[in-house]
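Observations on chain architecture
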Amino acid sequence: MKDKILAILIKHKVKGEIQDEFLDHYLTRYEHLLSNGISKKAAAQKTFSEINIKQLKRANKAIFFIHQKRKIQIAMLAISLFTLLSILQFTTSVESNPEVIVDHEIMQSDSIQLGKLLDGPIHVSSHFGLRKHPLMQKELLHKGIDLKANIGDAVYSPLDGIVEKVGYDQKRGNYIELSHAEGYTTRYYHLSKVSLGKNQAITKGKKIGEVGSSGMALSPHLHFEISKKETLKDPRDYLRV
Amino acid sequence: MHNKIRYTCPMNDHKEFLSGTLSGIILGLLSQNGRMYGYEICQQAKSLSANEIEITEGALYPALHRLEKKGLLTSTKEKVNGRTRKYYSIKQESAQLARDKINALISFSQQLNNILQPKG
């Protein structure tokens, strides 16, 4: 009897604790009928006839959702939060002045070799170039590249240079602009900490600040720009990404 | 002629009776009997109502799990005839809340009576 009921429950995917409960329910029913003087065969027949598969399945599903409800809610919340954050990070890292000449070509004559910007491997969260702003529905230029990092991660100068600008504004947050040989300029935005002053000479590999999310950035990342003689370059051509 | 009240899984014809009162019935029976297992609850409801109220397992177990999840009930397991039996009882910390729910249902049923069978 036990095996037969168990087989029905397993067949209809009733598992775990609820399987024990239903098994106990139907076996108790069977024993109850036997104790009323009904023959084994008749009791078994009656018990099986009372098992309503449709109800069993519905109850099984209902109980599953009672226990998984919170997990499902948390997963939904996480997904929507993640989507929201990625949209926001993308929109805030788009610069609003498109009147800049963009040079997409890789210059063969470019001989400079950038040193490391951040420790560890580089993760690009937003690339350089024109792209359609998802909210404003117009083409805007992203003047640099966004690199995913954690707050407090060290930012290093990839070249020898001189500090051209250090400052803070609402859009860029704490920012640094360095000028280098051959007319190169590099810029670093959204920093949490800046550890240098204007006109300071910087050597390649020196720590210049720390990653943050200051200015118009919701999640910590480094916005990095490079230009040559005031023409913006795609940082991908200089970084190993 | 009147129909039996059958507490089956929701989506049934009697769903208007089911909503709200099933958990009250469960709490009421548990407060009288201390601890009970599923089949026992069905049988008690049936016998106390002269076979008029029948709670099916499809409605009962989801309701029990819901009440346990809400923290009104607690459960223990025991081995009976080589199988596991789950006993439910009202959680001590929730005894007052359970009483309130039972009283609310009692007063509702009395008011329902007053409306449906007004005296003189």
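The residue count restarts for each chain, going from 1 along the sequence in the order it is written. All chains are assigned letters beginning with A, and all ligands numbers beginning with 1, in the order in which they are written. Note on the predicted model: pLDDT of at least 70 is required for a residue's local features to be given, and 80 or more for side-chain atom pairs to be given and counted; whole-chain, interface and lining totals, by contrast, use all residues. Computation of side-chain values covers all heavy atoms of the structure but excludes hydrogens and water.

1. Brief notes about a nonpolar patch on the surface
All names here are of chain A. Patch rule: a residue counts if its relative accessible area is over 30% and it has no salt bridge; like charges are joined within 9 Å, and nonpolar side chains (Val, Leu, Ile, Met, Phe, Trp, Tyr) within 5 Å. For accessible areas, the Shrake-Rupley method is used with a probe of radius 1.4 Å. Any residue's cover is judged against the shown protein chains and nothing else. In what follows, salt bridge is the name for a side-chain nitrogen of Lys or Arg lying within 4 Å of a carboxyl oxygen of Asp or Glu. On the surface, a cluster of nonpolar side chains totalling about 410 Å² of accessible area is made up of Phe64, Phe65, Ile72 and Met76. Looking at where phenylalanine 65 falls in the secondary structure, it is placed in helix α4 (residues 53-92). Burial classes: relative accessible area under 20% of the type maximum marks a residue as buried, over 50% as exposed, and values in between as partly exposed (1.4 Å probe, protein chains only). Judged by its relative accessible area of 42%, phenylalanine 65 falls in the partly exposed class. By the criteria applied, helices consist of DSSP H or I runs no shorter than four residues and strands consist of E runs no shorter than two, each listed in order from the N terminus.

2. Description of the pattern of salt bridges
Tallying each qualifying case throughout the model produces 16 salt bridges over all chains. Residue arginine 187 of chain A pairs with glutamate 177 of chain A through a salt bridge whose shortest N-O separation is 3.3 Å. You can see arginine 187 of chain A sitting in strand β9 (residues 184-194) and its partner glutamate 177 of chain A sitting in strand β8 (residues 173-179), a full ten residues away along the chain. Classification of arginine 187 of chain A as buried rests on a relative accessible area of 16%. One continuous salt-bridge network, built from bridges that share partners, spans Glu17 of chain A together with Glu68, Lys77 and Lys86 of chain B.

3. A short note on the interface of chain A and chain B
In what follows, a contact means two residues having at least one pair of non-hydrogen atoms within 4.5 Å. Taken together, the contact between chain A and chain B spans 22 residues of the former and 26 residues of the latter. Both sides of the chain A and chain B interface together cover about 2200 Å² of buried area, and 53% of this is carbon and sulfur. The partner of arginine 85 of chain B in a salt bridge is aspartate 24 of chain A, with the nearest N and O atoms 2.9 Å apart. Polar contacts, as counted here, are pairs of nitrogen or oxygen atoms within 3.5 Å of one another; within protein the pair requires one atom able to donate a hydrogen and one able to accept it, and residues that are adjacent in sequence qualify only if both atoms are side-chain atoms. At the junction of chain A with chain B, the criterion picks out 18 residue pairs in polar contact (both at pLDDT 80 or more). Looking at the side of chain A that touches chain B element by element, the count peaks at 13 residues for helix α2 (residues 16-35) of chain A. The nonpolar class holds Ala, Val, Leu, Ile, Met, Phe, Trp, Tyr, Cys and Pro. Asp, Glu, Lys and Arg form the charged class, and all remaining residues, Gly among them, are polar. For the side of chain A that touches chain B, the residue count by class is eight nonpolar, five polar and nine charged. Buried area is calculated as the accessible area (1.4 Å probe) missing from two parts once they are joined, with the contributions of both summed.

4. Notes on the sheet that holds strand β5 (residues 83-90) of chain B
Residues and elements named next belong to chain B. With respect to topology, three strands assemble into an open sheet ordered β2-β5-β4, the strand pairing being antiparallel. Two strands lie at the open edges of the sheet, namely β2 (35-37) and β4 (73-80), each paired on one side alone. Sheet twist, expressed as the average angle between the axes of neighbouring strands with direction ignored, equals 35°. Think of it this way: DSSP has to see at least two bridges between two strands before they count as a pair. Here eight bridges tie β4 to β5, and the two strands are oriented antiparallel to one another. Pairing of leucine 73 across the sheet is with isoleucine 90, part of β5. Each axis is a line fitted through C-alpha atoms, taken for helices only over the stretch in contact, and angles between the N-to-C directions span 0 to 180 degrees. Those strands touched by helix α2 (residues 38-48) are β2 and β5, and its axis lies near 95° from that of β2.

5. Observations regarding the packing of α2 of chain A against helix α3 (residues 40-50) of chain A
Residue and element names in this part refer to chain A. Two elements in contact, α2 and α3, have axes separated by 9 Å at closest approach and are oriented at 140°. Read as a crossing pair, α2 and α3 show a hand that is right-handed. On α3, the residues that touch Tyr26, Arg29, Tyr30, Leu33 and Leu34 of α2 are Lys40, Ala43, Ala44, Lys46, Thr47 and Glu50. Partitioned by chemical class, the residues of the contact of α2 with α3 number six nonpolar, one polar and four charged. Should the near helix be turned anticlockwise from the far one by less than a right angle, the crossing is termed left-handed; should it be turned clockwise, right-handed.

6. What about helix α3 (residues 57-69) of chain B?
Residue and element names in this part refer to chain B. When the terminal C-alpha atoms of α3 are compared, their 18 Å separation across 13 residues agrees well with the 18 Å that a helix rising 1.5 Å per residue should span. In terms of burial, α3 is largely enclosed, as ten of its 13 residues are buried. For α3, the full list of buried residues reads Glu57, Gly58, Ala59, Leu60, Tyr61, Pro62, Ala63, Leu64, His65 and Leu67. A positive backbone phi angle near 90° is found at glycine 71, which sits one or two residues after α3. Each residue after the first adds 1.5 Å to the expected span of a helix.

7. Some thoughts on the nonpolar core
The term nonpolar core refers to a set of buried residues drawn from Ala, Val, Leu, Ile, Met, Phe, Trp, Tyr and Cys, joined through side-chain atoms within 4.5 Å. Among the nonpolar cores identified, the biggest contains 35 residues, and Leu9 and Phe22 of chain A together with Ile26, Leu60, Leu64 and Leu73 of chain B are the most heavily contacted of them. Among the secondary structure elements, those contributing two or more residues to this core are α1 (2-11), α2 and α4 of chain A together with α1 (15-33), α2, α3, β5 and α4 (95-116) of chain B. If we ignore the near neighbours within four places in the chain, the residues touching isoleucine 26 of chain B are Leu60, Ala63, Leu64, Leu67 and Leu73 of chain B. Counting 24 residues, the second-largest nonpolar core is a separate cluster that includes Ile145, Tyr188, Leu222 and Leu239 of chain A.

8. Some words on unusual backbone geometry
Phi at asparagine 199 of chain A takes a positive value of approximately 70°, unusual for a residue other than glycine. Examined against the element boundaries, asparagine 199 of chain A turns out to sit in the loop between β9 and β10 (201-202). What makes asparagine 199 of chain A exposed here is its relative accessible area of 57%. Phi is positive for asparagine 81 of chain B, close to 50°, though the residue is something other than glycine. Note on placement: asparagine 81 of chain B falls in the loop between β4 and β5.

9. Remarks on the confidence of the model for chain A
Of the residues in chain A, 87% have a pLDDT of 70 or more, and the chain-wide mean is 83. The quantity known as pLDDT measures the predictor's confidence residue by residue, on a range of 0 to 100. Across residues 95-109 of chain A the pLDDT falls below 50, and counting only partners more than four positions away or on other chains, this stretch makes 28 contacts in the model.

10. Observations regarding the confidence of the model for chain B
With 82% of its residues at a pLDDT of at least 70, chain B reaches an overall mean of 83. In the predicted structure, residues 9-13 of chain B sits below a pLDDT of 50 and forms eleven contacts with residues beyond four places in sequence or in another chain.

11. Remarks on the packing of aromatic side chains
Between the rings of Phe, Tyr and Trp (Trp by its six-membered ring), a pair exists once the centres lie within 6.5 Å; its type follows the angle of the planes, with under 30 degrees stacked, over 60 edge-to-face, and the other angles tilted. Under the definition given, this model contains seven aromatic pairs over all chains. Measuring from centroid to centroid gives 6.1 Å for phenylalanine 22 of chain A and tyrosine 26 of chain A, while their planes differ by 20°, and the two rings are stacked. Highlighted residues: phenylalanine 22 of chain A and tyrosine 26 of chain A, both in helix α2, separated by four residues, approximately one helical turn. Residue phenylalanine 22 of chain A is classed as buried on the basis of its relative accessible area of 0%. Tyrosine 26 of chain A sits in the buried class, given a relative accessible area of 3%. Note on tyrosine 37 of chain B and tyrosine 87 of chain B: the rings are 5.5 Å apart at their centroids and 90° apart in plane angle, and the pair reads as edge-to-face. With tyrosine 37 of chain B in strand β2 and tyrosine 87 of chain B in strand β5, this residue pair connects regions lying 50 residues apart in the sequence. Under the relative-accessibility criterion, tyrosine 87 of chain B is labelled buried at 10%.

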